[in-house]
Amino acid sequence: MTDQTYCDRLVQDTPFLTGQGRLSEQQVDRIILQLNRYYPQILTNKEAEKFRNPKASLRVRLCDLLSHLQRSGERDCQEFYRALYIHAQPLHGRLPSRCALLFTQKAASYASPPALSFPISFRRDPGKGYLQPRGHTWPSGSLSAAV
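Residues numbered from 1 in each chain as written. Predicted model: local features only at pLDDT ≥ 70, side-chain atom pairs only at ≥ 80, totals over all residues. Heavy atoms only, no water.

Describing the nonpolar core
Most often, soluble globular proteins have nonpolar side chains that are buried together. To keep things clear, this is the line we draw: Here, nonpolar core refers to any group of buried Ala, Val, Leu, Ile, Met, Phe, Trp, Tyr and Cys residues whose side-chain atoms link them within 4.5 Å. Burial status follows relative accessibility: with a 1.4 Å probe on protein chains alone, a residue under 20% of its type maximum counts as buried, one over 50% as exposed, and anything between as partly exposed. Runs of E in the DSSP output that reach at least two residues are strands. Runs of H or I that reach at least four are helices, and both are numbered from the N terminus. Residue contacts are defined here by distance: any two heavy atoms, one from each residue, within 4.5 Å place the two residues in contact.
Within the largest apolar cluster, 26 residues are counted, with the highest numbers of intra-cluster contacts made by Leu10, Leu17, Leu23, Leu35, Leu69, Phe80 and Leu84. Broken down by secondary-structure element, the contributors of at least two residues to this core are helix H1 (6-17), helix H2 (25-37), helix H3 (45-51), helix H4 (58-72) and helix H5 (74-87). For this core, the element with the most residues is H5, which contributes five residues. Dropping the residues within four chain positions of it, leucine 35 is found in contact with Pro40, Ile42, Leu43, Leu69, Glu79 and Phe80.

Structure, rendered in structure tokens:
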């Protein structure tokens, strides 16, 4: 697994999040309000007003918010991801850092495949025309159903 912090993830995800049409104005407002209302130590009222100012473009406000969170620290970045998950769950699932994390976890699970408990080799049974395991016998009559 990776030792990537939430701040590192935010740096990696910023270009994706600020891309055209990724987050709507409403989603960004909800994220800002959650960070301000539930965690006023993350965003003060003045900072929340600045990031919600409709005179600035959404992209500029979002870039400013993400930069502010990166400077604020690990816990603030983690709370941003929590708010993003709540208000934009489909987008959260497509984040580059998340995809990389899932890929790393899957690759680690495939790195060491489970070993078989015994070696299996097959031989063709000339009289029956199908494969039988060599060295082991299949249970012949035990698979019938009792009625």
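Quick word on the side chain of aspartate 76
We apply this condition: In protein, a polar contact means a hydrogen-donor-capable atom and an acceptor-capable atom, both N or O and within 3.5 Å, with residues adjacent in sequence counting only if both atoms are side-chain atoms; elsewhere, any N or O pair within 3.5 Å suffices.
As for its placement among the helices and strands, aspartate 76 is situated in helix H5. Side-chain polar atoms of aspartate 76 contact the side chain of serine 72, separated by 3.5 Å.

Comments concerning the packing of H1 against H5
Definition in use: Simply put, an axis is a line fit to the C-alpha atoms, just over the touching stretch for a helix, and the angle between two N-to-C directions goes from 0 to 180 degrees. For classification purposes, an angle smaller than 35 degrees is called roughly parallel, one larger than 145 roughly antiparallel, one from 65 to 115 roughly perpendicular, and anything else oblique. Should the near helix be turned anticlockwise from the far one by less than a right angle, the crossing is termed left-handed; should it be turned clockwise, right-handed. As a working rule, the residues Ala, Val, Leu, Ile, Met, Phe, Trp, Tyr, Cys and Pro are called nonpolar, Asp, Glu, Lys and Arg charged, and the rest polar, with Gly in that last group.
Viewed as axis vectors pointing N to C, H1 and H5 meet at an angle of 45°, and their least axial separation amounts to 9 Å. By the criterion of interaxial angle, the relationship of H1 to H5 is oblique. Handedness of the H1/H5 crossing: left-handed. Counted together, Tyr6, Cys7, Arg9, Leu10, Asp13 and Leu17 of H1 and Glu74, Cys77, Gln78, Phe80, Tyr81 and Leu84 of H5 form the full contact between these two elements. Classifying every residue of the contact of H1 with H5 gives eight nonpolar, one polar and three charged.

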